[in-house]
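# Fold and geometry: a report
The residues making up each chain are set out below.
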Amino acid sequence: MARLSNDTLGAVPETIGKPDYDRAQTSTGIVHLGIGAFHRGHLAVYIDECLAGDPSWAICGVSLRSPRTRDALAPQDGLYTLGVQSAAGLKPRIIGSVKEVLVAPEEPQALLERLTDPSTRIVSLTVTEKGYCHDPATGRLKADHPDILHDLAANFAGAGEAPISAIGWLWLGLAARHEQGIPPFTVLCCDNLPANGATVRQVVLDYAVLKDPDKVAWATDALAFPSTMVDRIVPATTDHDRAMLAAALGMEDAWPVMAEPFSQFVVQDHFPIGRPDLDTVGVTMTQDVEPFEAMKLRMLNGSHSTLAYLGWLAGHETVADTMTDASLRRLISDLMGSEIIPTLSMPYGVDLPAYRDVLLERFANPALKHKTFQIAMDGSQKLPQRLLGTIRDRLSDGQSIDRLALGVAAWIRFATGQDEAGASFEVQDPLADEFAILASDAAIDKDQPGRFDADRLASGFFGLNAVFGDDLPAEERFRGPVIVALRMLCEKGARETIATYSKLGGPAL
Ligand code: CS2
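Residues numbered from 1 in each chain as written. Predicted model: local features only at pLDDT ≥ 70, side-chain atom pairs only at ≥ 80, totals over all residues. Heavy atoms only, no water.

Our focus in this paragraph is the environment of Leu73. Its place among the elements puts Leu73 in helix H3 (residues 68-73). Since its relative accessible area comes to 0%, Leu73 is described here as buried. Distance in space between the C-alpha atoms of Leu73 and Ala157 is 28 Å, their sequence separation being 84 residues. If near-sequence neighbours (up to four positions away) are discounted, Leu73 is found in contact with Arg40, Gly78, Leu79, Tyr80, Val101 and Trp255. (Helix = DSSP H or I, 4+ residues; strand = E, 2+ residues; numbered from the N terminus. Buried < 20%, exposed > 50% of the residue type's maximum accessible area, 1.4 Å probe, protein only. Contact = heavy atoms within 4.5 Å.)

With that settled, consider the packing of helix H5 (residues 146-153) against helix H7 (residues 196-211). It is the contact of H5 with H7, at a shortest axis distance of 10 Å, that shows an interaxial angle of 45°. If you check the angle between H5 and H7, you find them oblique. In the packing of H5 onto H7, the handedness of the crossing is right-handed. Packed against H5, whose contacting residues are Ile148, Asp151, Leu152 and Ala153, the element H7 presents Tyr207, Leu210 and Lys211 at the interface. (Axes fitted to C-alpha atoms, helices over the stretch in contact; angles between N-to-C directions. Parallel < 35°, antiparallel > 145°, perpendicular 65-115°, else oblique. Left-handed = near helix turned anticlockwise from the far one by under 90°.)

Now for the site of the ligand. Around the ligand, 13 residues are found, and the nearest of them are Asn192, Asp231, Lys296, His304 and Lys382. At a separation of 2.8 Å, an oxygen atom of the ligand approaches a polar side-chain atom of His304. Compared with its free state, where it exposes 340 Å², the ligand has 88% of that area covered by protein. Contributing elements (two or more residues each) for the shell around the ligand: strand S10 (228-231), helix H10 (290-313) and helix H15 (379-396). (Near = heavy atom within 4 Å. Polar contact = N/O pair within 3.5 Å; in protein donor to acceptor, adjacent residues only side chain to side chain. Areas by Shrake-Rupley, 256 points an atom, 1.4 Å probe, with all protein chains shown as cover.)

Strands sit in the order S5-S2-S1-S6-S9 across an open sheet of five strands; the sheet is parallel. Each having just a single partner strand, strand S5 (98-103) and strand S9 (186-189) make up the two edges of the open sheet. For this sheet the average axis-to-axis angle between neighbouring strands, irrespective of direction, equals 25°. Sheet topology places strand S2 (residues 58-63) next to S5; five bridges connect them, and they run parallel. (Pairing = 2+ DSSP bridges.)

Quick look at the structure:
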């Protein structure tokens, strides 16, 4: 079977969308760090729509570690298929905005050249929450993170030891441009961090203080980090997806991305050296992203994480499966309606109950096989912005947090690395080693895996400062509801706990 590439593009069936511009005429304007599925299902799609109007914004995608995306896309000239999946079926479209893919450890020289090229005006990132090497509770750089220690000691200038971390690369590019008199690129964070622009700015400045103190004053004034709200559900691609798309295309694509029809991008309009015409392709350009970001992180991602932990413990493999469980659907709807929505204050006209209803429908998309286990990873990096900020706001308003606390308790139960039948599984999280010690300290009996003393387990986890900070563990109104929920999860299991919590009272919008 032929393979998707510039040469075979003409043979893709007429019914399938293709780039409406001449790829040979495009040039790189964006370097994107972390070219995973999410980027290829989101920003790269918006850029694909901009290139007909202005061909100078094509993307150089960068993998900071693995060569897998480059190896899949290089023989395809960067082309790949976006497979939009809904109950109505599969709608493929070919995306052409990725011009090249670099693997940082293999081609550090080429990456530095791209970063310092004056035509690179934006460096965007999707490196996941943990990729910023920061402390999620404080939003500050973890100066003792091994990758940061490495990058602080490394001095790459075309030769020598190259950086490992996204922060190290960002700073290397920015500092080199400054030395060469080239205006700094705009840093566009597309990860689910709270106040993501300001957060990344702080982490970069913390790094600069340690690396190049004489450039801190310049960096503080000159650099631009617009905030964004990014939203599209893009599950990991499976071999089944590849086979489905090969049948539709009549040719092979080694790494398509699958996504839901919904896509949203809200961007703070602060690009000192220019940007693509994002506002012409459905992006909301605004000065104040934060209300949208809080809405999305708390409602979508807060619900997602709660569904992932409770759903996985209860035996649901995908998010769509969790939505077929009437109690769990009710619980999540009430979590949003009763506990999350009251913490949000939105610009006039934003209808939060309607947003909740759309989210429930998106979660229920039966064609999207979004694994609860995938969303469950890296909880220590996700919980602060997804659940704990909402909890802080509720507590300071004197409000109840029962369902939010259940989400936290389900995370703790999941993070033990033992399921309800006592089988062990690998917890993917930067703090996984600490979790394992806490779980073993709270085991009721070493011969009975999967059984925990909930009070001990909760107390142990509350000691994780990087997640809970100092304030929450000291607050009885936080500890109490989490411990109650964790006791029920440990003693009765997730299904019974979900059933009980789905009957909680309280105002539902
Ligand atoms: C998910 C997100 O994996 C996760 O943690 O909650 O990737 C989610 O699908 C996106 O943020 C949706 O925009």
